[in-house]
Amino acid sequence: MSQAILEVDSLTIAYDGKPVVDGLTFEVAPAEAVGLVGESGSGKTQTALALMGLLPATAHVRGSATLGGEKLLGRAEAELDALRARRIAMVFQDPSLALNPYLRIGKQLRLILERHGIADGATATRRALDALASVGLPDPDRQARAFPHQLSGGMRQRVMIAAALIGEPDLLIADEPTTALDVTVQAQILALLEEVRKQTALLLITHDLGVVAGHCERMLVLEHGRLVESGPTERVFAAPAHAHTEALIAAHPHLDKAPALSRPAAEELLTLDGIRVSYRAHGSRLKAVNGVELALKKGETVAIVGESGSGKSSLVRAVLGLVPADAGRLCFLGEELSHEVSARETATRRELQMVFQDPLGSLNPQMRVASIVAEPLDVHEPGLSGTDRRRKVVNRLEQVGLDASFVERFPHELSGGQAQRVAIARALVLAPSVLVCDEALAALDGSVREQVLNVLKDVQANTGLAILFISHDLGVVRTLCHRVLVMYLGRIVELADNDVLFSSPLHPYTRALLDAVPVADPTAERPPVLGGEVPSPLSPPAGCAFHPRCPQAVEDCRQHAPGLRRVGATDVACLRASEYLAKA
Amino acid sequence: MGAVPTLLLVIVLAFFLVHSVPGGPFDSERVLPPEIEQVLLERYDLDDPVPVQLAKYLGNLLKGDFGPSYRSTLNVNQIIAQRFPASLAIGGLAMTLALAAGLMLGTWAALRHNSRLDRVVTGLAMTGISIPIFVVAPALVLIFAVYLNWLPAGWTVSPGPAKYVLPVVALALPQIAYITRLTRASMIDVLQSGYVRTARAQGLGTAAIVRHHALKPALLPVVSYLGPAIAGILTGSVVIESVFGIPGLGEGFVTAAFNRDYLQVMGIVVLYAALVVLLNLLADVLYGLLDPRVRYE
Amino acid sequence: MSFEGLTLTRLATNRTVRVSGGIIAAIAVVAIVAPLLSPNHYMAVNFEAVLQPPGLAGLHLFGTDDLGRDQFVRTMMGVRVTLVVAIVASIVSLVIGVIYGAVAGYVGGRVDAVMMRFVDTLYAMPFIFFVILLTVIFERNFVLIFVAIGAINWLDMARIVRGQTLSLKERPFLEAARLTGVPTMAIIRRHIAPNLIGIVIVYVTLTIPQAILVESFLSFLGLGIQEPETSLGSLVDLGVDHMESSPWMLIIPGGLLAVILLCFNFLGDGLRDVFDARQSR
């Protein structure tokens, strides 16, 4: 500990006199991995930007930070440039924004080598290719000539890591490096970070305690800009000293814990039969949803999980009639629903409501909260008196944890979490039968998410609300949903009750998804990582769509696409499912 | 793409406009004896139905023949050949000056965003956009030719290159102002982008970041502006040529319009439309070269 | 429509908007009132007092022109004409542009592609030359000038409104409204119009100086407003003829024209800041 490579002492960052980081002191030893965790707004990213010298001019920075004896704070830009890439480097959250779309990948790497005098000419080209190969990019020769938009998100993040490590820095800062990625790709990137940073100290910034538990020796916990706890990861997880740490650990999903759920009724509210959705793209048809059947019961929550390109959003949008399905039948209480929302009867329209992923985008910036929440009432209960209308609005707002003072606000005066709760209040104000949530909790931090989850559960217990719940967060799925539907390239690969699916997943893809979830336990064993990425839905593989990535694929899987069939208590689309059940 | 239909549309529109005039080109001043008028009409194909005239005109255009002038012994090709060089020289120089100065000033201001220099450049650019060219040009003459007597005001009287200075500067000023604003705004956008932040984190330094990372994307709006810019320069040249007495195409256009010399008017409109269309085409090509996402669509 | 409170406060506190708007208002008021108060009539010719410099003699504040007419009153009449032409032309372009752009953006798909292709084609035309041609062919008249200017300027408005409508259409709050069954008219009134209005106001403000430019350009060429009526462009045209002997005839109307244009451009920029702040978080 005495020979720390990074020493940060009383770092304070303030805007307009308000501190966002307050007296932060910590050290990072050479080749050590340290996790910096906290909720959004806790000052994690600000700390990283301060160390890199990338804060805007409006930030007031005090305190000191030294990297191997070199001061990092208050240096001239030119002096910092000499340290960047060679001594300290950073990987940003969203690789699609962090790479220059106008420059070839190889050129972006070569520029670093040339500017820092590490290599030039043919040597630089060689080194760039080596760097790309070292982060597991297939066919580096070709990728070096590609532009970023020609690469997948995971591949782009690999390139970012290659760029950060190409100058062989002493310290690598990774700011939420996997947050923008799918869960199996996240696991790949984390494994890659572990592997490539052998000579480099790592400061890993994340909101995900599972990531820290699996990859960091020590951890620091921030709350509102203050360091509330630090220590070896195993010790902190075993015996958290601060209440906030304890709360964070408690809020982290535990997939092994069976949840207490209300019992759904037998009555089938919504049935989907052979739903197909496709789009025109680049002259051919993209089959986003390829024949989905489901019956949603009153009071039941069905989770839809799967990575990008699985068609889960298209499926629920087709259910709501926002995107017309090409084929299939949709029935609500036995009545067939039109595929186009505008053709549906007013009475059924109030029964199906949705909460969108982007909280601010789902609120009209020109309307006050009161009018936003009341709008559905204006349509469906026009006779309502002013006081009744206001009472209903306030009731709903209070139900989602917002008091009456919010009614006069405009959306831009709300935080992301508040905006999402307003959107939920709007969706619930008509007391619908079915609520569709498309990543509705993704933008919310742990404590707020907990609260909103409880709201949904309460409403469900009281009114028999049925919920279609899209989420990439399997922890939330585990605590909220009665059944889980796993999609891959537009098809259901597995559908089972919560307990059955989480305790004995049958489809190899489901197992890979569960394995990829970072477990908030430093002592847990890390399962092997699923390779490859989701293929383009424009050209899905023949046979079982999953076979190119499947560790258990046999020759038959390449030839035949399995249909959904009952194996044990599970509906699963895998030729070898019975073998797996027998082994389990 | 779309260049040929646009050009064709311009020609047809102009042609029908010209031929919908109440009264032909020969009945303005004095009444001609009917037999002479008939000879004139036949000579200029004016006795054919309008669609036939259009077909003939288009056929001649394809052969590069703009037709005869109603007013001059020269044909329109000769008039254009005579007047184009001066317009081309002034317009070309003004365009070059506008691009060079606009790009430099815009980048400079963007790099010092929110500084005093930035505010001065922004203010000047706003002023440059706001002062009409027909106020700028005489004002420049008044100051630099009449009061200070540094530069010549007339075109024909002075043989040296000094005569280019005032017309070119006056013609370029509004475009400099516009391109400065465009460049500044897009450069500020680009400099705040995630990939420039990455480049800063890689320690590339401002010069290399601007040169390698920022210039290309920041240029895109300016490239899109090439077509409108040439249109602005052509419009401005009408004023400039009349203020400085330059015998160019702009001046020729106004004179011909007043004289109802329709084939000359047509000729100049077609030429100008072709220039604008050409620049738009060039802009599309450049855009594709700069933006890989367009190229690989 | 909830277009109150915040926006008004921001408008009032934005210095650019306040100053430039104030100057425009002041100029407009003077232009309307002053000719009524002045003893001089804008058409009154006086060959005894030709090309007088500005001064109090005969209350010719801006001097007199080559026919001895009072330049101050003529300049104010010119401001009136210039403003009226520009505002009417901007309204023409506003109506065409907003309808065209909103339809293209809202309908989308192939209709949008065709409509925008047409706009692109028009963009590539040397319009001003058509206008010159038109004014020469059809003699000069006021209406033609409105139409001509409006016909040029609606293109920008159409593009902007279409872009904004397209991006609005993608926003989840519109889908939420569709889902609930908010009627189309109410969606347009409550969700689309209020979110377009800011950007439309901004671009109308920026269209006015462009219309002023075109009008004064035509008048400068002698193709616009005809004697004895006048506009700032015609006054500048006359001023150029006399600029060596009587520079004020160029400087005053030219300067006034520049100030008006500058104020409208600054006003537009200021308004954009106000509305942009409203759009973002």
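Basis of the calculations
Residues numbered from 1 in each chain as written. Chains lettered and ligands numbered in written order. Predicted model: local features only at pLDDT ≥ 70, side-chain atom pairs only at ≥ 80, totals over all residues. Heavy atoms only, no water. Contact = heavy atoms within 4.5 Å. Buried area = accessible area lost by both parts, 1.4 Å probe. Salt bridge = Lys/Arg side-chain N within 4 Å of Asp/Glu carboxyl O. Polar contact = N/O pair within 3.5 Å; in protein donor to acceptor, adjacent residues only side chain to side chain. Helix = DSSP H or I, 4+ residues; strand = E, 2+ residues; numbered from the N terminus. Buried < 20%, exposed > 50% of the residue type's maximum accessible area, 1.4 Å probe, protein only. Pairing = 2+ DSSP bridges. Axes fitted to C-alpha atoms, helices over the stretch in contact; angles between N-to-C directions. Parallel < 35°, antiparallel > 145°, perpendicular 65-115°, else oblique. Left-handed = near helix turned anticlockwise from the far one by under 90°. Nonpolar A, V, L, I, M, F, W, Y, C, P; charged D, E, K, R; others polar. Patch = residues over 30% accessible without salt bridge, like charges linked within 9 Å, V, L, I, M, F, W, Y side chains within 5 Å. Areas by Shrake-Rupley, 256 points an atom, 1.4 Å probe, with all protein chains shown as cover. Phe/Tyr/Trp six-rings, centres within 6.5 Å; stacked < 30°, edge-to-face > 60°.

Draft legend 1. Highlighting the interface of chain B and chain C. Counting residues at the interface gives 44 residues for chain B and 39 residues for chain C. Between chain B and chain C, roughly 3,500 Å² of surface is buried when both sides are summed, and carbon and sulfur atoms account for 83% of that area. Ranking the residues of chain B by area buried against chain C places B:L17, B:M126 and B:F134 at the top, with a combined share of 17%. At the surface where chain B touches chain C, the tally comes to one salt bridge. C:D269 is paired through a salt bridge with B:R181; the nearest N and O atoms lie 3.4 Å apart. One can count two residue pairs in polar contact (both at pLDDT 80 or more) joining chain B with chain C. If you list the elements that add at least two residues to the side of chain B that touches chain C, you get α1 (3-19), α5 (116-130), α6 (133-147), α10 (226-244), α11 (249-259) and α12 (262-290) of chain B. Per element, the largest residue contribution to the side of chain B that touches chain C is eight residues, and it comes from α6(B).

Draft legend 2. Region of interest: the side chain of C:S234. Residues and elements named next belong to chain C. For S234, the position within the fold is in helix α9 (residues 232-241). Owing to a relative accessible area of 12%, S234 belongs among the buried residues under this scheme. What S234 contacts, discounting residues up to four positions off in sequence, is S219, F220 and I225.

Draft legend 3. Examining the sheet that holds strand β17 (residues 434-438) of chain A more closely. Residue and element names in this part refer to chain A. What the eight strands build is an open sheet, ordered β16-β17-β18-β13-β19-β20-β22-β21; its pairing is mixed. Each having just a single partner strand, β16 (352-355) and β21 (565-567) make up the two edges of the open sheet. The sheet shows a mean angle of 20° between the axes of neighbouring strands, taken without regard to direction. Where β21 meets strand β22 (residues 570-572), three bridges bridge the pair, whose relative direction is antiparallel. Residue pairing across strands places R566 opposite D571, the latter belonging to β22. Across the sheet, helix α16 (residues 416-428) lies against β16 and β17, angled at about 180° from β16, the strand it touches most.

Draft legend 4. Highlighting the sheet that holds strand β2 (residues 18-28) of chain A. Residues and elements named next belong to chain A. Spatially, four strands are ordered β2-β1-β4-β5 in an open sheet, and the strand pairing comes out antiparallel. Single-partner strands in this sheet number two, and they are β2 and β5 (70-71). Note: strand β4 (residues 59-67) against β5, two bridges, orientation antiparallel. Bridging across to β5, L67 finds its partner in E70.

Draft legend 5. Summary view of the packing of helix α8 (residues 184-220) of chain C against α9(C). Residues and elements named next belong to chain C. Interaxial distance between α8 and α9 falls to 7 Å at its minimum, and their mutual angle equals 40°. It follows from the interaxial angle that α8 and α9 lie oblique. The interaxial crossing formed by α8 with α9 has right-handed handedness. Contact residues: α8 offers S216, S219 and F220, while α9 offers G233, S234, V236, D237 and V240. Considering only residue class, the contact of α8 with α9 consists of three nonpolar, four polar and one charged.

Draft legend 6. Focus on a nonpolar patch on the surface. Residue and element names in this part refer to chain C. On the surface, a cluster of nonpolar side chains totalling about 620 Å² of accessible area is made up of I87, I91, V95, I96, I99, V103, V107 and V111. Element by element, the count of residues in the nonpolar patch is highest for helix α3 (residues 71-107), at seven residues. Turning to its location among the elements, V107 is positioned in helix α3. You can call V107 partly exposed: its relative accessible area is 49%.

Draft legend 7. Local environment of the packing of aromatic side chains. Inspection of every chain in the model, using the stated rule, returns 11 aromatic pairs over all chains. Consider the rings of A:Y102 and B:Y195, whose centres lie 6.5 Å apart with planes at 65°: the pair is edge-to-face. Residue A:Y102 is found in the loop between α3 (95-98) and α4 (105-115), and its partner B:Y195 is found in helix α8 (residues 194-201); the two belong to separate chains. Across the pair, B:Y195 and A:Y102 agree in class, each one buried. Here a set of aromatic residues connected by ring pairs shows up, and it is made of A:Y488, A:Y509 and A:F546.

Draft legend 8. Fine view of the interface of chain A and chain B. Contacts between the two partners involve 30 residues from chain A, matched on the other side by 23 residues from chain B. Buried surface at the junction of chain A and chain B, both sides included, amounts to about 2,400 Å², of which 59% is carbon and sulfur. At the surface where chain A touches chain B, the tally comes to one salt bridge. Linking A:E77 and B:R200 is a salt bridge whose minimum nitrogen-to-oxygen distance equals 3.4 Å. Between the two partners, chain A and chain B, sit nine residue pairs in polar contact (both at pLDDT 80 or more). Those elements that provide at least two residues to the side of chain A that touches chain B are α1 (44-52), α2 (77-83), α3, α4 and α7 (153-165) of chain A. Here the side of chain A that touches chain B gets five residues from one element, more than from any other, and that element is α4(A). In terms of residue class, the side of chain A that touches chain B is built from 17 nonpolar, seven polar and six charged.

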